[in-house]
Every structure is written in structure tokens, then in C-alpha cells.
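Listed below, chain by chain, are the residues.
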Amino acid sequence: MPKLKLPAPPLPGKLNPAPRRPGEGNGKVDPLDVAKEAGTSAVGWVDERTSLSGPARWVMFRKVPKGTNWFYTLGSATLFAFLNQAVTGVFLSMYYDPSPTRAYESIRYVTNEAFLGEFVRGMHKWGSSVMVILVFLHMARTFFFGAYKYPRELNWIIGVALLILTMAMSFTGYLLPFDQRSYWATIVGVNINGTGPLVGPYLSDFLRAGPDFGATTLSRFYAIHMLLIPGAIITLIGAHLYLVTKLGTTAPPWLKAEPDERLAEEQA
Amino acid sequence: MNRIEKERYLREYSVLKAQGKPFFPYAVAKDSVMAVVVMATIITLSIVLGAELGPKADPTTTTYTPRPEWYFFFLFELLRVIKPPELVPLATIGVPTICMILLFLLPFYDRGPERRPERRPIATSAGIFTIAAMGYLTYLGAAAGPPTQISEPTPASVIAQGPQAVKQFNAGKQVVAQSGCLACHKIGENGNSGPGPELTRIADRIPAQAIARTLVNPTSPMPSFSSLKQKSPQKFSAMVDFLSQLKSGG
Ligand code: HEM
């Protein structure tokens, strides 16, 4: 197991503590030394049991190709917006009550009474817009850079699924405050789904939990919004990022590889 | 891409990758800067714009605006652009489904080895066209707030029936104006010309009973107003009376 080695501090030779000789110090362990090594030994302890340092190094110290620019940060920015939704969503769920009679009240309580409630709700609400914008920008980047071509086709397909799920998130979330706007917009939205061929009517019935907008519709939307889709999104992001690490991100399409100078010399 | 092109790409890529920098700390630093920008944007939006909560949902309501979140505007606008009712399912489900399938399959029908956008004129212009179309539709959707007023004059035939009829006509006009019908229908000068048909001369086309039946049991995407009928029958009948007076030569 390789051990981390920190560089020695730039001190004059005499001030540097001499390395201890074997057999010195009567075999007692200096508690100060133990404390100094605590960080490394904790990492070592975990690594000894999990062998995670290999994968961690594989992720962190892989090379990103020459020319990687700011457009390549859009994917991780999307990821960050998603994390913001997850964290603020957990706090909102502590107050939210998905019953038609109490939903509006619970959101009103969050907005007007709970400590920082409106702020957190605002972060969740505006965070959704920011995430949608970032997903589209990230998709535009990969599209115009031709990043969906061999060997990254599968990553593009996972990406399209993530796009649809992100839109589904915002559709199901819109109903939850149960105010006039969200209620009627969702009714129209579900009706539009119902006009679809073949599965349309079934999809609408599934969303409404029956032929009409009823008492269980809201809890169904809530379950889809905070369990079903987030679970799917997290799984797919995992696969997406695994492939990104495995295949590496594309170099900007304009770059041509000039053969390494040292190699060129050898060839001559 | 055939096998030679694939191998050429992989070779080229491995050189560019070898000449690159390690993900940590170089890419991580950029990503962190971006993360801070994202967080700052969200926090600023939240503080400046807050989180409004409209009036409580009320199925019997007469004042609502069926308006989706802004990034769905382009879908809603598609409904308006495509008029004939036979084509409505095409607009609502067909176009998005086709777009999704095209997106999913993109790597399978665009297989050329070229990656530079300026050397892929079809892909690049299709992309730019899609972005422009979505931007335009979103703009249209944002600009078209459903109006809540109807300036249709009281027809002479109603005035001839006496003040009672005029009162009923105006009451119905009020209800219709406040019920969000204008988001999807045009009445006289007001409202949007789609996705629903124009209602200015609706009584020429269908009788009062048929109008009432449509309101209770409409074809989607129009929402049903059956609970309005149950909870406040006067408003409902005023609405039907008003609509059944909208005929030509009145
Ligand atoms: C929840 C949404 C998403 C997250 C969190 C996400 C995250 C990421 C991240 C972190 C990368 C690494 C490099 C980069 O930033 O460009 C990446 C790459 C990529 N993403 Fe996404 N992504 C999402 C949605 C999408 C969508 C909607 C598409 C397209 C339909 C897509 C297609 C791709 C492709 C093709 C790559 C490889 C790019 C390259 O190698 O240059 N992703 N994604």
C-alpha cells in the first residue's frame, strides 16, 4: 500500500528533526506523532478495508484533454443545481403535507412563518429554472461540439433521458403548492397528455390516480416528484458520470493533435 | 464512422488527452468557480424575486389563468400555432414525441467523423433553428398573457329582450372573462386565437345545450367546468346564456 509522503518544510538542515533510529524511544509511541499522522492513517484505515483509493485516483487524477474550456463546466454546474434542488427539497418536505385540504396551508406556513422558509422555497423554485437552463446549455454544448459521436453515444442517450426526467420533475413539482395557477395549469397539462396516441389516456389516468382529479392525485404527484424521479435521476447521473470518467471528455473539435515534439524527433 | 475512422479518432484523442492537465486541481477549480456562480445566481433570484403563493386552488373558481412554468411555454404555444382540431393531438404529443425520438437516436443517424460545427452545416443549422424556434415560442408564450376583459358589445337582439336579458348577458360576459377561457379562445377583439376555436359567433355553430355540454364534458386540452355548474349554477347558466347570444347579425 503506497503511503502519502508530504514534502519536508524548507528548514535549515540542523532544525529538521533527525529521523528516529530503530530501537530508540523504548518502543513507546509518541502521542504527538500519532496525532500528526491521524489524517493519513484514517484514510489508510478506510482504504485498507475498501480499496477505494484506486478509484478515487482514477477519477481525480485522470487527464482532461488539452483545450478544455469553460463550456465544459456546464455539466458539473447542472449537477450542482440538482444538488441544490435535493437539499432545499429535503427541507421543504419537512413541512409539506400532500393532502388537498392541507397542502396549500403547509406551503403558506413555509412561505410566511417558517424561519427562512420563503428563502428556501425561493431557492427551490428558482433553482428549478436555473437547472432547466443549464441542462439545455449543457446539451447544446455537447451537440455543437459533436460530443455525442463515437465512442460517447450511450452518454448522449442517458443525457436525453435526464433531460426528460428534469422536465418531468418541474411538471410534477408545479402542482404541489396547490394554488390556483398550479392547479389549473396541471389540469390542462394532464389533459394534454391524455390526447396522446395509445398510452396517452393511460398516462393521464395514472397521473390523476383515476379518471378525475381527486384526493389522491396530489399525493401521487408528490411521490413521483420526491421519490420516483429523483431516484431515477440520481441513478442515471451516476451512469453518466461513470461514462464521462471512463471515456474522458472530448477535446474541443477544432484541436488537432500535433505529434509530441519528442516523438517527432525520434521519427526523423 | 468506419473502423479506420474510429481508430484514427481514438489515437488522436489519446494524444490530446496525454497533453492535457489532471482533472484535479485544474478542472475542479473551474467547476468550483462555476458552482459558486450557480449558487450565487439561485440565491440572488430567491432573495430578489421571493416565492409567491397565489390564492388557494379552487375547482369552482372563476378567476384562474392556466399558465404553465415558463419553460413549458413553447409546448403550449405549439398548441396555438397548430389550429385544426384534428391536428391538436399531433401538436400536443406528436411533435414533442418526435423531437424526443430524434434526440435519442441522434448518435445513430449522424455518424460522420466530423466534429467541427462549421463543417457540419446540417446539424449546426438544425440546432440553431431549434433553439431559435423554442426561443421564439417561449417569447410568444410570455407575451400572450390571457386577458381578462371582453369588449364585445351587447347585441341589439339582447337589448330588445329588455333589461333582464342585458343584465344576464353582462353577468355571463363577466364570468367568461374571468374564467380564463380567453387563454385558449378568441371572443371578438379579445383573447388568443388558439388552441381552441374562436367563440365570437359560437351560437351560429352550436345550440345552447351543446355549449353547456362542451363546458361540462369538453375535449382535451380544455378543462372541464362541471364543478362550476355544481357549486354555482347561476354563474354557469349566465355563461351559457352569454355564449348562446354570440351569433352573427345580432
Ligand atoms: C441532470 C442532468 C445532467 C448532468 C448532471 C450532467 C452532467 C455531466 C457532466 C458533469 C459531464 C462532464 C463534462 C461536461 O461538463 O461537459 C457531462 C458530459 C456529457 N453529457 Fe451530461 N449531464 C446532464 C444532462 C445531459 C443531457 C441532457 C445531455 C444530452 C442530451 C448530456 C450529454 C452529455 C455528453 C454527450 C457528455 C460528454 C461530453 C464530452 O465528452 O465532451 N448530458 N455531463
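How each quantity is defined
Residues numbered from 1 in each chain as written. Chains lettered and ligands numbered in written order. Predicted model: local features only at pLDDT ≥ 70, side-chain atom pairs only at ≥ 80, totals over all residues. Heavy atoms only, no water. Helix = DSSP H or I, 4+ residues; strand = E, 2+ residues; numbered from the N terminus. Buried < 20%, exposed > 50% of the residue type's maximum accessible area, 1.4 Å probe, protein only. Areas by Shrake-Rupley, 256 points an atom, 1.4 Å probe, with all protein chains shown as cover. Contact = heavy atoms within 4.5 Å. Donors = N, O, S within 2.8 Å, 3.2 Å for Na, K, Ca; no water. Tetrahedral: all angles 85-135°; square planar, octahedral: opposite > 155°, others 65-115°. pLDDT = per-residue confidence, 0-100. Near = heavy atom within 4 Å. Polar contact = N/O pair within 3.5 Å; in protein donor to acceptor, adjacent residues only side chain to side chain. Buried area = accessible area lost by both parts, 1.4 Å probe. Nonpolar A, V, L, I, M, F, W, Y, C, P; charged D, E, K, R; others polar. Phe/Tyr/Trp six-rings, centres within 6.5 Å; stacked < 30°, edge-to-face > 60°. Lys NZ or Arg CZ within 6 Å of the ring centre and 35° of its normal. Patch = residues over 30% accessible without salt bridge, like charges linked within 9 Å, V, L, I, M, F, W, Y side chains within 5 Å. Salt bridge = Lys/Arg side-chain N within 4 Å of Asp/Glu carboxyl O. Expected span 1.5 Å × (residues − 1).

Novice: Looking at this structure, I do not really get the overall build of chain A. What am I missing?
Specialist: Helix and strand counts for chain A come out as 11 helices and one strand. Reading the secondary structure of chain A in the N-to-C direction produces α-α-α-β-α-α-α-α-α-α-α-α. Per-residue burial for chain A yields a buried fraction of 41% across its 268 residues. A total accessible area of about 15300 Å² is found for chain A, and carbon and sulfur atoms account for 68% of it.

Novice: Explanation requested: the overall build of chain B in the structure shown.
Specialist: A count of helical and extended segments in chain B gives 11 helices and three strands. Moving toward the C terminus, one meets the helices and strands of chain B in the order α-β-α-α-α-α-α-α-β-β-α-α-α-α. Within chain B, contacts between residues separated by at least 24 positions form 63% of all contacts whose residues are at least 6 apart in sequence. Summed over all atoms, the accessible surface of chain B reaches about 13500 Å², with 64% contributed by carbon and sulfur.

Novice: What should I look at first to understand the coordination of the iron atom of the ligand in this one?
Specialist: Metal coordination angles in their ideal form are 109.5 degrees for the four-donor tetrahedron and 90 or 180 degrees for the six-donor octahedron. Residue and element names in this part refer to chain A. Distances from the iron atom of the ligand to its protein donors, H138 (NE2) and H240 (NE2), fall at 2.0 to 2.1 Å. Given six donor atoms and angles of 84 to 178 degrees at the metal, the environment of the iron atom of the ligand is assigned as octahedral. With H138 in helix α6 (residues 117-144) and H240 in helix α10 (residues 215-247), this residue pair connects regions lying 102 residues apart in the sequence. Residue classification places H240 among the buried residues on the basis of a relative accessible area of 14%.

Novice: Got a minute to help me understand the confidence of the model for chain A in this structure?
Specialist: Scored by pLDDT, chain A comes out at a mean of 86, with 87% of its residues at no less than 70. Averaged pLDDT values for the elements of chain A fall to 57 in helix α11 (residues 261-267) of chain A and rise to 97 in helix α4 (residues 74-93) of chain A.

Novice: Whenever I open this one, unusual backbone geometry confuses me. Can you help?
Specialist: Across the chain, the bulk of peptide bonds are trans and the bulk of non-glycine residues have phi less than zero. Note the cis peptide between A:Y150 and A:P151, where omega equals 5 degrees. Residue B:P25 follows B:F24 across a cis peptide bond; omega there is 5 degrees. Examined against the element boundaries, B:P25 turns out to sit in helix α2 (residues 23-49). Phi is positive for A:S51, which is not a glycine, with a value near 55 degrees. For A:S51, the position within the fold is in the loop between α2 (38-50) and α3 (53-60).

Novice: Can you walk me through the site of the ligand in this structure?
Specialist: Residues and elements named next belong to chain A. As a matter of local geometry, the ligand sits amid 25 residues, with Y72, H138, R141, H240 and T250 nearest to it. Between an oxygen atom of the ligand and a side-chain N or O atom of R152, the distance comes to 3.3 Å. H240 has a polar side-chain atom sitting 2.7 Å from a nitrogen atom of the ligand. Contributions of two or more residues to the shell around the ligand are made by α4, α6, α7 (153-175) and α10. The dominant element in the shell around the ligand, judged by the number of residues it contributes, is α7, at six residues.

Novice: It is not clear to me how the interface of chain B and chain A should be interpreted in this structure. Could you clarify?
Specialist: Accessible area lost during the coming together of the parts is what is often quoted as the interface size. Across the contact, 83 residues belong to chain B and 89 residues belong to chain A. For the pair chain B and chain A, the summed buried surface comes to about 7900 Å²; carbon and sulfur atoms form 69% of the total. Within the residue set of the side of chain B that touches chain A, elements represented by two or more residues are α1 (3-18), β1 (21-22), α2, α3 (73-81), α4 (88-109) and α5 (121-143) of chain B. With 17 residues, α2(B) is the single largest residue contributor to the side of chain B that touches chain A. Residues that form the side of chain B that touches chain A fall into these classes: 52 nonpolar, 14 polar and 17 charged.

Novice: Even after reading the chapter, I still don't get the packing of aromatic side chains, so can you show me in this structure?
Specialist: Both the distance between ring centres and the angle between the ring planes are used here to describe each pair of aromatic rings. A full pass over the atoms with the stated rule returns 17 aromatic pairs over all chains. Relative to A:Y242, the ring of A:W58 lies with its centre 6.1 Å away and its plane at 45 degrees, an arrangement referred to as tilted. Placement of the pair is A:W58 in helix α3 and A:Y242 in helix α10, with a sequence separation of 184 residues. Measuring from ring centre to ring centre gives 5.3 Å for A:F143 and A:F144, while their planes differ by 80 degrees; the resulting arrangement is edge-to-face. Judged by relative accessible area, A:F143 falls into the buried class, the value being 15%. For A:F144, a relative accessible area of 19% gives the class buried. Among the aromatic residues, ring-to-ring pairing joins A:F171, A:F221, B:W70, B:Y71 and B:F72 into one connected group. Note that A:K125 overlies the ring of A:W126, its terminal NZ or CZ placed 5.5 Å from the centroid.

Novice: What should I look at first to understand a nonpolar patch on the surface in this one?
Specialist: Residues and elements named next belong to chain A. Residues V87, V90, F91, M94, Y95 and Y109 make up a contiguous nonpolar surface patch of about 610 Å² in total accessible area. In terms of residues, the nonpolar patch owes the most to one element, α4, which gives three residues. With respect to the helices and strands, M94 occurs in the loop between α4 and α5 (103-112). Given the relative accessible area of 57%, M94 is considered exposed.

Novice: Mind showing me how you'd approach the environment of B:K231 here?
Specialist: All names here are of chain B. On the secondary structure map, K231 appears in helix α10 (residues 226-231). Note on K231: relative accessible area 57%, which makes it exposed. Expressed as a C-alpha distance, the spacing of K231 and G141, which sit 90 residues apart in the sequence, is 32 Å.

Novice: Got a minute to help me understand helix α8 (residues 180-194) of chain A in this structure?
Specialist: Spacing of three or four residues puts side chains on the same side of an α-helix, whose turn is 3.6 residues. Here α8(A) is 15 residues long and its end C-alpha atoms lie 21 Å apart, about the 21 Å a rise of 1.5 Å per residue gives. Judged by how many residues are buried, α8(A) sits mostly within the fold: 13 of 15 residues are covered.

Novice: How do you make sense of the pattern of salt bridges when you look at a structure like this?
Specialist: Residue and element names in this part refer to chain A. Scanning the entire structure with this criterion turns up nine salt bridges over all chains. Note that R102 is salt-bridged to D97, the shortest N-O span being 3.3 Å. When its relative accessible area of 42% is taken as the criterion, R102 is described as partly exposed. It is possible to trace a salt-bridge network through shared partners that takes in E105, R108 and E113.

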